[in-house]
Amino acid sequence: MASGPSGPAEECGRSPREPELAVNPFDGLPFSSHYYKLLQQRRALPVWATRFVLLEQLESSPGGVVLVSGEPGCGKSTQIPQWCAEFALARGLQKGPVTVSQPSPLAALSLAQRVADEMDLTVGHEVGYSIPQEDCTGPDTVLRFCWDGLLLQELASAPGAGAWDVLVLDEVQERTVASDVLQGLLRDAKLRHPPENPKVVVVTDPALEPKLRAFWGNPPTVHIPRAPLRSPTMIYRETVPADRVEAACGAVRELCQEGAPGDVLVYLPSEEEISLCCEALSRELASLDPHGPPPQLLPLHPGHSQAVQALYEDVDAGTRRVVVTHWLADFSFSLPSVRHVVDSGLELRSVYKPQIRAESHLLRPISKCQAEARHLRARGDPPGSCICLYPESFLEHEAPPLPPPRVCEENLSALVLLLRRRQIAQPGECLFLDQPAPEALMQALEDLDYLAALDDDGGLSDLGVILSELPLAPELAKALLASCEFGCVDEMLTLAAMLTAAPGFTRPPLCAEEAALRRALEHTDGDHSSLIQVYEAFMQSGQDEAWCQARGLSWAALRQAHKLRGELLEFMQRIELPLSQPAFGSEQNRKDLQKALLSGYFLKVARDTDGTGNYLLLTHKHVAQLSPSCCYRRRRTPARPPPWVLYHNFSIAKDNCLSIVSEIQPRMLLDLAPPYFLSNLPPSESRDLLNQLREEMAESSPETESSPTQELWDPCILQ
């Protein structure tokens, strides 16, 4: 890494007409002409006016914390990290690279590419990124963009506040679990060890600024001026449409027929609706103007990461881009070329219900803060238009002012495990912007206790330490470790990766041929074995993208599963856990796989009460049906549903669905579940049947054998 001046070319007294005289302080090379072209665009951003103020506050802030408040599109996510890198470079990068957190992996990847281009540097060298299964950094990295979930894991492992000169927490108004907890841990660290901690820059939308000022103790605040752009023309519908996808497609068609200049940004609630919208528009828009270039359709969501790079690439003159997305792009992915926004006003979110251990998929209005951010995308000179697929009164009466904090809506088991690793005795001791519900924390503690992750004093057990290191849900991590005892590690590695990265088919089959190709991938033992079979077939195809498309599979998700599997295998080899040879398909392997799964998922068992597929969940008296995507429901010949099943997810929807389901034997449940778990089950016929079976097993085996779950955690295996 070359030393040099701490600022960009304009701070060195160089003229854009003399680029050969200016040297990039980060790599020691002359700035290119492309750098100066982008520099002119950067100077026009509203955030540029605050550059010196921010650097002064970084230098002089008594607590080391600076709050930055600015609306979407002002340039704060691209410019502030660069200025912080200059600040740290001038001081010799004493602790490590400047780290910038982002609420999604796609945002971290996208910003690293854009900022490296603006700084005239190379991604993977001076500018890098860290996202799940991909660390694109090196020894020369001075600026790193990181998904906030990974950053939280790093902070949980570090004894202090982390190895950064400057830490930038960006887009904290999105209220992810990791973002909220990061702020709590950092504030706690600054209260305990103020002189040793790095500088922290908290970047937010103005709507959350008052709450953050109170939380951080009224730190110095930098206000970014509003851009002098004209507001868009607001167009509201009289009623909420019954078919959102068709209404969105109709709005895009109108814009294209009118010839309104500029790109279009469409907001729909779910990934499924995004895919349906893109498919419909691809059929319709090509015929609108046969003489001109067809619009470029870009679906933007976590399952379609290929679109990120295309967002910022140059397109042919006259080509219109139509970006179809959801809440992911409420605050991230600012696109200067967008002049028109089509807003459904809704989002689809999963909300966890701790009382029944279930996910509820809620279609709800977005917050007023999100709506304002979406509308601002269409500002410009000349201004564009914002077509709202709802009446003007819709958000006014039904929308909350701010997005709900995700820490109040997600399963907190993994978070509590992390806090215990951080040696926070009680989760309530952690500082939160909004405190989670006590029942959610208690349910998380109870689940971890059932998984043997806690010791008698409430700290992490030896098993809990290992569970906290794995990038998996605690119950899935427990099942993976149990596979070491049952000799099915190879299969559980695949299954853990698939359940985490590629949980199933992306959409319903489009034709009979695709449906037939899918059925060929289904396994008679259930959905878990089907996922293993899908992965093995994908690998045998040479990871072919066309093979995935023909079967309605996500190539990107399967690639992520492959990377995650390698990461998990490396972890198990590093701590010297016993591995096993592949044996998928054998009768013994089928039983071993069921035992490993039950070791982690005994909380997620259901029994068919009447032989027709009405399943009563074991831990509470909710009745659910198998998901339409379950292999047991898609079999051609009518067959009796499995009497006892293990499921991966229970979602509260129109028909309360169990998804990713496999048959189990209740005898295995009695062998593998903790005795106190079974005794705590609510009264039900299922509990009575298990107690009766346990008595029969005790009579037939008077000599009690050691439990496999106790043998599994023998110290020699953990070491």
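Quick note: structure is the one above.
The rules we used
- Residues numbered from 1 in each chain as written.
- Predicted model: local features only at pLDDT ≥ 70, side-chain atom pairs only at ≥ 80, totals over all residues.
- Heavy atoms only, no water.
- Helix = DSSP H or I, 4+ residues; strand = E, 2+ residues; numbered from the N terminus.
- Buried < 20%, exposed > 50% of the residue type's maximum accessible area, 1.4 Å probe, protein only.
- Contact = heavy atoms within 4.5 Å.
- Areas by Shrake-Rupley, 256 points an atom, 1.4 Å probe, with all protein chains shown as cover.
- Pairing = 2+ DSSP bridges.
- Axes fitted to C-alpha atoms, helices over the stretch in contact; angles between N-to-C directions.
- Patch = residues over 30% accessible without salt bridge, like charges linked within 9 Å, V, L, I, M, F, W, Y side chains within 5 Å.
- Salt bridge = Lys/Arg side-chain N within 4 Å of Asp/Glu carboxyl O.
- Lys, Arg positive; Asp, Glu negative; His and termini not counted.
- Charge placed at Lys NZ, Arg CZ, Asp CG, Glu CD.
- Disulfide = S-S within 2.5 Å.
- Core = buried A, V, L, I, M, F, W, Y, C linked by side-chain atoms within 4.5 Å.
- Polar contact = N/O pair within 3.5 Å; in protein donor to acceptor, adjacent residues only side chain to side chain.

*Asks:* Explain the overall build of the protein chain here, please?
*Replies:* The helix and strand tally for the protein chain stands at 27 helices and 21 strands. Burial analysis of the protein chain (719 residues in total) assigns 55% to the buried set. Restricting to contacts in the protein chain with at least 6 residues of sequence separation, those with at least 24 account for 74%. When the accessible area of the protein chain is evaluated, it comes to approximately 30,600 Å², of which 51% is carbon and sulfur surface.

*Asks:* Can you help me understand the sheet that holds strand S6 (residues 166-169) in this one?
*Replies:* Sheets are built from strands that pair by backbone hydrogen bonding, the pairs being arranged parallel or antiparallel. Strand order across the open sheet formed by 8 strands is S4-S3-S5-S2-S6-S7-S1-S8, with mixed pairing between neighbours. Two strands bound the open sheet, and with one partner strand each, they are strand S4 (134-136) and strand S8 (221-223). In this sheet, adjacent strand axes meet at a mean angle of 20° when their direction is disregarded. On top of the sheet, helix H2 (residues 51-60) reaches strand S1 (65-69), strand S7 (199-204) and S8; it is set at about 155° to S1, its chief contact.

*Asks:* Teacher, can you tell me more about the pairing of strand S13 (residues 338-343) here?
*Replies:* Successive residues of a regular strand alternate their side chains across the two faces of the sheet. Across the 6 residues that make up S13, a large majority, 5, are buried. Bridge analysis of strand S10 (residues 263-267) against S13 gives 5 bridges, and the strand direction is parallel. Looking across to S13, one finds that Val264 is bridged to His340. In terms of strand pairing, S13 meets strand S16 (residues 385-388) through 4 bridges, oriented parallel. Bridge pairing links Asp343 to Cys388 in S16.

*Asks:* Which parts of the structure should I look at to understand the sheet that holds strand S11 (residues 296-300)?
*Replies:* Taken together, 6 strands build an open sheet; the order of strands is S9-S16-S13-S10-S12-S11 and the sheet is parallel. Each edge of the open sheet carries a strand with a single partner, namely strand S9 (233-236) and S11. In this sheet, adjacent strand axes meet at a mean angle of 15° when their direction is disregarded. The sheet contacts of helix H8 (residues 244-258) involve S10, strand S12 (321-325), S13 and S16, and relative to S13 the element is tilted by about 155°. The sheet contacts of helix H11 (residues 368-376) involve S9, S10, S13 and S16, and relative to S13 the element is tilted by about 145°.

*Asks:* Can you walk me through a negative patch on the surface in this structure?
*Replies:* Residues Asp449, Asp455, Asp456, Asp457 and Asp462 make up a contiguous surface patch of negative charge. For Asp456, the location among the structural elements is in the loop between helix H14 (438-450) and helix H15 (462-469).

*Asks:* How do you make sense of unusual backbone geometry when you look at a structure like this?
*Replies:* Note: most peptide bonds trans; most residues except glycine with negative phi. Positive phi is not limited to glycine here, since Gln133 has a value of about 65°. Within the secondary structure, Gln133 sits in the loop between strand S3 (127-131) and S4. Its identity as a non-glycine residue notwithstanding, Ala452 has a phi of 65°, on the positive side.

*Asks:* What is the right way to look at the state of the cysteines in this model?
*Replies:* One way to say it: the disulfide is the covalent bond shared by the sulfur atoms of two cysteines. Evaluation of the coordinates by the stated rule reveals 0 disulfides. As a non-bridged cysteine, Cys277 has Cys249 as the owner of its nearest cysteine sulfur, 3.8 Å distant.

*Asks:* Explanation requested: the nonpolar core in the structure shown.
*Replies:* If you look at soluble globular proteins, the nonpolar side chains tend to sit buried side by side. In terms of nonpolar packing, the biggest core is built from 108 residues, with Leu169, Val202 and Met492 touching the most fellow members. In contact with Met492, not counting residues within four places along its chain, are Leu476, Ala479, Leu480, Ser483, Leu593, Ala596 and Leu597. Judged by nonpolar contacts, the second largest core, of 44 residues, contains Tyr36, Trp48, Leu54 and Ala112.

*Asks:* What exactly am I supposed to notice about the environment of Ser344 here?
*Replies:* Positionally, Ser344 belongs in the loop between S13 and strand S14 (346-353). Overall, the relative accessible area of 4% leaves Ser344 in the buried class. Between the C-alpha atom of Ser344 and that of Val240, which follows or precedes it by 104 residues, the distance is 8.6 Å. Dropping the residues within four chain positions of it, Ser344 is found in contact with Arg244, Tyr267, Leu268, Pro269, Leu389 and Tyr390. Within the structure, Ser344 has its side chain in polar contact with the backbone oxygen of Tyr267 (distance 3.1 Å).

*Asks:* I would appreciate a short explanation of the side chain of Ser599 in the present structure.
*Replies:* Among the secondary structure elements, Ser599 is positioned in helix H22 (residues 587-601). Ser599 sits in the buried class, given a relative accessible area of 2%. Setting aside anything within four residues of it in sequence, one finds Ser599 in contact with Leu451, Lys478, Ala482, Phe486 and Leu672.

*Asks:* Looking at this structure, how should I read the pattern of salt bridges?
*Replies:* Pairing is possible between side chains of opposite charge, provided their charged atoms come close. Summed over the entire model, instances satisfying the criterion amount to 30 salt bridges. Lys604 is paired through a salt bridge with Glu475; the nearest N and O atoms lie 3.7 Å apart. Taken together, the residues Lys604 in the loop between H22 and strand S17 (605-608) and Glu475 in helix H16 (residues 474-486) connect sequence positions 129 residues apart. For the pair Lys604 and Glu475, a shared accessibility class is recorded, and that class is buried. Members of the salt-bridge network, linked through shared partners, are Glu347, Arg349, Arg364, Arg406, Glu409 and Glu410.

*Asks:* Honestly, the side chain of Asp343 in this entry has me stumped. Any pointers?
*Replies:* The topology assignment puts Asp343 in strand S13. Asp343 sits in the buried class, given a relative accessible area of 0%. Only 2.6 Å separates the side chain of Asp343 from the side chain of Arg374, close enough to count as a polar contact. Discounting chain neighbours no more than four positions away, the residues touching Asp343 are Tyr267, Ile366, Arg374, His375, Ile387, Cys388, Leu389 and Tyr390.

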